[in-house]
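An overview of the molecular structure
Each chain is listed here by its residues.
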Amino acid sequence: MLQVAERHALFIDNDTVEPVSGESLPVVDPSDGRVFAQIARAAAADVDRAVRAARRAYDGAGTEPAAGPWGRADASERGRVLRRWADLIDAHREALAAIESRDTGKPLTQARADAQALARYFEFYGGAADKLHGQTIPYRHGYTVLTLREPHGVTGHIIPWNYPMQIFGRSVGAALAAGNACVVKPAEDACLSLLRVAQLGAEAGLPAGALNVVTGLGGEAGQALAEHRGIDHISFTGSPDTGRRVAQAAAAHHCPVTLELGGKSPQLVFADADIEAALPVLVNAIVQNAGQTCSAGSRVLIEASVYHQVVGMLADRFNSLRAGPAHDDLDLGPLVSRRQQQRVWDFLSEAQAGGLDFAAQGVVVDDAPAEGFYQAPVLLADVPPTHRLAQEEIFGPVLAATRFENEAQAVALANGTPYGLVAGLWTRDGARQLRLARQLRAGQVFVNNYGAGGGVELPFGGIGRSGYGREKGFEALYAFTTLKTVALRHG
Ligand code: NDP
């Protein structure tokens, strides 16, 4: 079993720092429910210390703006640091995966993929750092007008527990590449990998203060970060309710926010689809990370003429899925916490009480510790589209199947929730592929494939209850910069 340090301090100014209160929070292993480490519990004073460290890295001590060691670093130098960091993450991939797996309950293979994606984010944004150009704009005679893309300054990053490494990579990678200094608040349930990744950043050459990690409770450290007037931009991933609170706190000091708030993403299967190709993707999109994925394909909408065939084939696969301890590396690990397990149980109790059809259910292996937070994957058939199970994000391994009669109904069902993050479309009809790609209300549409997680290069974000703003790809670099127009009159 992996040995990790007993107690983890905050990471500020490239150093381990104790919180002012001296208090800790327990770290629980979701596979057996036992406490195996402690993290520091930061409060507003610690967040303030981290923000000041970031400000020094960005602005320096004087009055000239952006004159700190990170603020004045050449874009090419920022890129080099990020690429060195990517190499270090690659070199430490196994260790990072082991930490993440124990901390969050992810099977090792999934944790390895997350570490690989993190390295890839830094490679991508390291390569992009010196390719972020402004424009010249044709204006009146005698003028030259140009735009400059400038960093916001100090950015705050509130990271959830489901994909700590990937979400850190996509937001911190882009923010640092664009020249910002960062303060990160990881989720209380998943801090350990990011504390280690931050140390590797210092080894890669990040100057003190360019990246700071404050662990603690959302309502304390997270809220203090969102409210802090020294923060110039906030990137938040998590639930719609907390996202709203963060946006309200940020609005009080006119701070721009990017919100990624999850979804109830549909996959549409038409009768003409390559069903054999679709099946493993449909299953993986809800089983990956035990369904705790913002872009999980948690609804499958199936054309009536193939409905029974597809549900039958899905049921066969669901019945063979196994959940067990993270280190056993099965199809699924445990859910991240007792709280998350209870949330999924509450949804399933409601499904049972409402008489929904439990078409298939995988198993939790016999040797899984009884105190672990396990939930076998469940396939629900004939879920009425207005039912809560078809409308709300469960964030667990529960797939809701619903049938449709025609294309128009398929689109209406797909678009019929308050969310709009990702949609998957399975059909061989080229005209339909293009027509529906336009009609589906989602930030990403996948045709004959589906991309839950991953996709470093692909802009990602939602509509409606799924949030706003885009991360990933080049688009994130625009989000982490502000545009200045310079108009020169020269005659
Ligand atoms: P939250 O939205 O509460 O947590 C997300 C992040 O916000 C965490 O870092 C959390 O810290 C932090 N946070 C919590 N409260 C505040 C606050 N007042 N101000 C600033 N930051 C705060 O999600 P939960 O962990 O409570 O999960 C509940 C549900 O949210 C899940 O079941 C799922 O449906 C959804 N969710 C969606 C995610 C996505 O990827 N879109 C990711 C995670 C959850 P801390 O954890 O320490 O409280």
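Heads up: the structure comes first, above all this text.
Here goes a summary of the coordinates provided.

Cut-offs used in this document
Residues numbered from 1 in each chain as written. Predicted model: local features only at pLDDT ≥ 70, side-chain atom pairs only at ≥ 80, totals over all residues. Heavy atoms only, no water. Core = buried A, V, L, I, M, F, W, Y, C linked by side-chain atoms within 4.5 Å. Buried < 20%, exposed > 50% of the residue type's maximum accessible area, 1.4 Å probe, protein only. Near = heavy atom within 4 Å. Polar contact = N/O pair within 3.5 Å; in protein donor to acceptor, adjacent residues only side chain to side chain. Areas by Shrake-Rupley, 256 points an atom, 1.4 Å probe, with all protein chains shown as cover. 1 Å grid on protein atoms, 1.4 Å probe; cavity = no way out; pocket = protein on both sides within 12 Å on 5 of 7 lines; lining within 4 Å. Sits in = over half its atoms within 2 Å of the grid points. Helix = DSSP H or I, 4+ residues; strand = E, 2+ residues; numbered from the N terminus. Nonpolar A, V, L, I, M, F, W, Y, C, P; charged D, E, K, R; others polar. Domains from an automatic or database assignment. Pairing = 2+ DSSP bridges. Right-handed = clockwise from strand over helix to strand, strands pointing away. Axes fitted to C-alpha atoms, helices over the stretch in contact; angles between N-to-C directions. Parallel < 35°, antiparallel > 145°, perpendicular 65-115°, else oblique. Left-handed = near helix turned anticlockwise from the far one by under 90°. Contact = heavy atoms within 4.5 Å. Phe/Tyr/Trp six-rings, centres within 6.5 Å; stacked < 30°, edge-to-face > 60°. Lys NZ or Arg CZ within 6 Å of the ring centre and 35° of its normal. Points joined across faces, edges and corners; volume = space filled by probe spheres on them.

1. Notes on the nonpolar core
Core analysis: the largest hydrophobic core is formed by 87 residues, its most contacted members being W85, I89, Y125, F168, L211 and I234. V283, L314, V344 and A381 belong to the second largest nonpolar core, which has 44 residues in total.

2. Section: the site of the ligand
Contacts to the ligand come from 31 residues, most closely from I159, W161, E188, Q223 and S239. One nitrogen or oxygen atom from the side chain of T242 is found 2.9 Å from an oxygen atom belonging to the ligand. Taken by itself the ligand offers 860 Å² of open surface, and the protein chains cover 92% of this. Because more than half of its atoms lie within 2 Å of the grid, the ligand is assigned to the largest pocket. At the level of secondary structure, the elements contributing two or more residues to the shell around the ligand comprise α7 (218-227), β11 (233-237), α8 (240-251) and α11 (338-353). Here the shell around the ligand gets 4 residues from one element, more than from any other, and that element is α7. In terms of residue class, the shell around the ligand is built from 12 nonpolar, 12 polar and 7 charged. Residue assignment places the shell around the ligand across two domains, with domain 1 (7-262 + 470-485) and domain 2 (266-441) each supplying three or more.

3. Details of the pairing of strand β8 (residues 154-158)
With 5 of 5 residues buried, β8 is to be regarded as a mostly interior element. Residues V154, G156 and I158 of β8 are buried on one face, and the alternating residues T155 and H157, pointing to the opposite face, are buried as well. Direction of pairing for β8 relative to strand β9 (residues 181-185): parallel, over a ladder of 5 bridges. Looking at the pairing, G156 lines up with V183 of β9. Read from β8 through helix α5 (residues 164-177) to β9, the crossover connection turns out right-handed. Alignment of β8 against β11, held across 4 bridges, turns out to be parallel. What sits directly across from G156, in β11, is I234.

4. Things to note about unusual backbone geometry
Peptide bonds are trans in most cases, and residues, glycine excluded, mostly fall at negative phi. Residue A66 is not a glycine yet carries a positive backbone phi of 55°. If you trace the backbone, A66 turns up in the loop between α1 (44-59) and α2 (75-91). You will see that K472, though not glycine, has its phi angle at about 70°, which is positive.

5. Comments concerning the packing of α2 against helix α4 (residues 108-128)
One way to put it is that α2 packs onto α4 with a least axis distance of 7 Å and a crossing angle of 165°. By the angle between their directions, the pair α2 and α4 is classed as roughly antiparallel. The element α2 and its partner α4 pack so that their crossing is left-handed. Along the contact surface, α2 presents G79, L82, R83, W85, A86, I89 and D90, while α4 presents A115, L118, A119, F122, E123, Y125, G126 and G127. A per-class count over the contact of α2 with α4 returns 9 nonpolar, 3 polar and 3 charged.

6. Regarding the packing of aromatic side chains
Following the criterion strictly, the structure yields 10 aromatic pairs and no others. With a centroid separation of 5.1 Å and 85° between ring planes, the pair formed by Y139 and Y143 is classed as edge-to-face. The partly exposed category is assigned to Y139, whose relative accessible area is 47%. Members of the aromatic cluster, each reached through a chain of ring pairs, are W85, F122 and F168. One cation-aromatic arrangement involves R403 over Y307; the distance from NZ or CZ to the ring centre is 4.2 Å.

7. Re the layout of surface pockets
Volume-wise, the largest pocket comes out at about 970 Å³. The wall of the largest pocket is formed by 34 residues, among which W161, G238, S239, T242 and R339 lie closest to the centre. Every element with two or more residues in the lining of the largest pocket is listed here: α7, β11, α8 and α11. It is α8 that contributes the most residues to the lining of the largest pocket, 5 residues altogether. Here the lining of the largest pocket is built from residues that sort into 13 nonpolar, 11 polar and 10 charged. For the lining of the largest pocket, the domains that each give at least three residues are domain 1 (7-262 + 470-485) and domain 2 (266-441).

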